[in-house]
Amino acid sequence: MSEPGVLVLYGSQTGSAQDTAHRIGRQARKRRLPVRVFPLDDYNVASLISESLVVFVCSTAGQGDPPDNMKIFWRFVFRKSLPASSLSRLDCAVLGLGDSSYPKFNFVAKKLHKRLVQLGARMLLPVGLSDDQHDLGSDAVIDPWLASFWQKVSALYPSLAGVIPMREDELLPPTYTFHFLDDVEEKTDDRLRIPTESTLPSQARPFPARLVSNRRVTDASHFQDVRLVEFDITASNIEFAAGDVVVMPPCNSPEDVQQLCQLLRLDPAAMFTLKATDCSVVPATLPQPCTIRHLVERHLDIAAVPRRSFFELLSTFASNETEKQKLLEFSSAGGQDELHSYCNRPRRTALEVLADFPHTTAEIKVHYLLDLFPTIQPRSFSIASSLQVHPHRLQILVAVVRYKTKMYKLRRGLCSTWLASLDPAQGDVFVPLWVKKGSLKFPKPKDTPVVMVGPGTGVAPFRSALQERMSEGKHANVLFFGCRSESKDFYFRSDWEDMMKTGHLTLFTAFSREQEEKVYVQDRVRENAAILWDLIANKHACFYIAGNAKEMPTGVCDALKEVFQQQGGVSSEEASQMLETMERTGQIQHSVTQLKSTDDQHDRPLHSLHCGRLTDDPLDPDDIIASTLRHEVLQAAAEVLPHSLSLFSQVRLGFV
């Protein structure tokens, strides 16, 4: 039997799988086991044949896709040339993080588990399939799964029986140590340096794009601020096609940066270098040396709703008994409902939690900052322009997220609020960004029609597609667009009108609040059944859906099945089969993110939120009004509380 040790490999898109992987790493250290934790694509996959114990933690992105940081691994492990006994020496387990409201729930974890078995690996226990939709969140599966995993590890390594583990409240060494420097000038952020080499921009080396314009496109009286933002990408080597997305890391607000520095008594101008205490690598996105201001502003996600792991680490600093007991409760499996009520429902930020626990916050050591706060995750936006029409330019449509909870302070989306604050009229503004392939693929043949359904800001990728297709002489285009009001949020109206004048676009609109009975895009799909049947059945049109995934995608698909039944004379079952076939062959494609009942920590592409759940697109205003009414009493109560009330004062007064 080899020496005990654990390798934890993760594929994470929004940070949840990464957080869970590091949680497993901490549990291993407290059992005094050697452990390494890496993103899958940072690990040399060829070395897997010599490993003895590996835990794979992975989420599922998009329509059953692997996360970005495990795609290289994914392609390698599914090579047909790999021998069936490749991993016969490996003991392993797979833990998936998913959401059962998606059709391909935990698809990546299931498929990886099956593939590892095919390659001869011995699975210590069944694949773990955590579900965000569970009443207790993903931990309802993760907690018992991890308990079973450690039991299996103990059985696998009998020598561990004599090892005395660390106490739960015992503080682990930090991952990094800070070494502060004197008389060192701050370097210019390399991310804001125009590269001289001809490399393709990436997360490791983003391109600093100059902000050209930042214009509100909704009427001033409209409830939501939606922006058309344009960047200059000259000399970037960036190329993109319709359906691709642009990715950018946002910054924390100056007010939040200042508050954290005050809470932790940090000098924002202090310069430091980082040194790893184990096999970890210093984050490539942090310059060396670096200032505290840069670290807090661009790296630490202090405005996110903190996860359970935040409270676990915070509890180890606590010496105040009242605060410690509360933190331990929030860290426990049995305290997750309390944590959800305290943190998730009101969308309380990590910064606000620190203010609620002043005694514990005063004891936080600077070396633990990168263990306590996750890294700010980059945000993705559908590109709303084509290089064929706007050379050297890239445009996005951004709905600025603002909403109320029972917290006194208005909740804001980090990235959308940051973007909205940038003003090129005040001087040059540069935003580090890169481009990646999106999920929508448009047909190459000129005679293949496309039908696009994109209500709200979901129309952004279709503007890119239409500009691109018309420049290529592809004129069979149909667009279904929906919004609240023709005069307030009819995005790109002049563009559509110009395209219609040339006869290259057929447009159907649904303005939901312009008549007594609400009308949505799925209603327009039903009304134009004959046209759609001819396009799909006779001309093999491709059908695309993008936008808010609350009810719209299902509604559109149901309407399409009615079209098949009405015009094609098929049964309900046959219509469903037709739809499934079209989805399997790519004739129907979706670019939507469904509503989540738990926190994803980020404003997603095209940023929207409803009752603490994130989506791709601005919500139906009636939903926001209803949400506001539900919170009205709590909001009024919160406003009369002194801003400085601690959590425990609020508990005593019955407001938490």
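Residues numbered from 1 in each chain as written. Predicted model: local features only at pLDDT ≥ 70, side-chain atom pairs only at ≥ 80, totals over all residues. Heavy atoms only, no water.

1. So, the overall build of the protein chain
Counting its regular elements, the protein chain contains 21 helices and 24 strands. Put simply, of all contacts in the protein chain between residues at least 6 apart along the chain, 75% involve residues at least 24 apart. (Helix = DSSP H or I, 4+ residues; strand = E, 2+ residues; numbered from the N terminus. Contact = heavy atoms within 4.5 Å.)

2. Let's talk about the environment of Leu295
Counting through the fold element by element, Leu295 comes out in helix 6 (residues 292-298). As for Leu295 and Val257, which are separated by 38 residues in sequence, their C-alpha atoms are 9.4 Å apart. In contact with Leu295, other than residues within four places in its own chain, are Phe178, Phe272, Leu286, Cys290, Leu300, Leu369 and Leu370.

3. So, helix 5 (residues 254-263)
For helix 5, the full list of buried residues reads Asp256, Val257, Leu260 and Cys261. An end-on view of helix 5 places all buried positions within 135° of arc, on one side of the element. Exposed side chains of helix 5 directed beyond 90 degrees from the buried face belong to Pro254, Glu255 and Gln262. Once helix 5 ends, the next one or two residues include Arg265, with phi positive near 55°. (Buried < 20%, exposed > 50% of the residue type's maximum accessible area, 1.4 Å probe, protein only. Arc of directions from axis to C-beta.)

4. Description of the packing of aromatic side chains
In total, this model carries 21 aromatic pairs according to the counting rule given. Relative to Phe78, the ring of Trp74 lies with its centre 4.6 Å away and its plane at 50°, an arrangement referred to as tilted. You can call Trp74 buried: its relative accessible area is 12%. Seen from their ring centres, Tyr342 and Phe357 are 6.5 Å apart, and the 85° between their planes marks the pair as edge-to-face. Placement of Tyr342 in helix 9 (residues 336-344) and of Phe357 in the loop between helix 10 (350-356) and helix 11 (358-361) is noted, with a sequence separation of 15 residues between them. Of the aromatic side chains, those joined through ring pairs into one cluster are Phe310, Phe311, Phe330, Tyr342, Phe357 and Phe373. Against the face of Phe107 rests Lys104, its NZ or CZ located 5.2 Å from the ring centre. In this structure, Lys111 packs its charged tip against the face of Phe78, placed 5.1 Å from the ring centre. (Phe/Tyr/Trp six-rings, centres within 6.5 Å; stacked < 30°, edge-to-face > 60°. Lys NZ or Arg CZ within 6 Å of the ring centre and 35° of its normal.)

5. Digging into the pairing of strand 18 (residues 450-453)
The alternating pattern of strand 18 places Val450 and Met452 on one face and Val451 and Val453 on the opposite face, and all of these are buried. Bridge count for strand 18 against strand 19 (residues 477-483) is four bridges, and the pairing is parallel. Bridging across to strand 19, Val451 finds its partner in Val478. (Pairing = 2+ DSSP bridges.)

6. Details of the UniProt feature "binding site: NADP(+)" (unreviewed entry) in the protein chain
With numbering matched to this structure, UniProt assigns "binding site: NADP(+)" (unreviewed entry) to Thr457, Ser512, Arg513, Lys518, Val519, Tyr520, Val521 and Gln522. Relative to the assigned elements, Ser512 resides in the loop between strand 20 (506-511) and helix 16 (521-527). Here Ser512 is in contact with Cys483, Arg484, Glu517, Lys518, Val519 and Tyr520, once residues within four sequence places are set aside. Along the chain, Lys518 turns up in the loop between strand 20 and helix 16. (UniProt positions renumbered as here; feature names shortened; annotations may be inferred.)

7. Looking at the sheet that holds strand 11 (residues 271-276)
Spatial ordering of the open sheet is given by 7-11-12, a layout of three strands whose pairing is antiparallel. In the strand order of this sheet, the two ends are held by strand 7 (176-181) and strand 12 (290-291), each with one partner. Pairing of strand 7 with strand 11 involves six bridges; the strand directions are antiparallel. Counted as the bridge partner of His179 is Thr273 from strand 11.

8. Some points on the packing of helix 14 (residues 460-471) against helix 15 (residues 493-501)
Viewed as axis vectors pointing N to C, helix 14 and helix 15 meet at an angle of 30°, and their least axial separation amounts to 12 Å. Taken together, the axes of helix 14 and helix 15 lie roughly parallel to each other. Taken as a pair, helix 14 and helix 15 cross one another with a handedness that is left-handed. Facing Arg463, Leu466, Gln467 and Met470 of helix 14, the residues of helix 15 in contact are Asp495, Trp496 and Met499. A breakdown of the residues in the contact of helix 14 with helix 15 according to their chemical character gives four nonpolar, one polar and two charged. (Axes fitted to C-alpha atoms, helices over the stretch in contact; angles between N-to-C directions. Parallel < 35°, antiparallel > 145°, perpendicular 65-115°, else oblique. Left-handed = near helix turned anticlockwise from the far one by under 90°. Nonpolar A, V, L, I, M, F, W, Y, C, P; charged D, E, K, R; others polar.)

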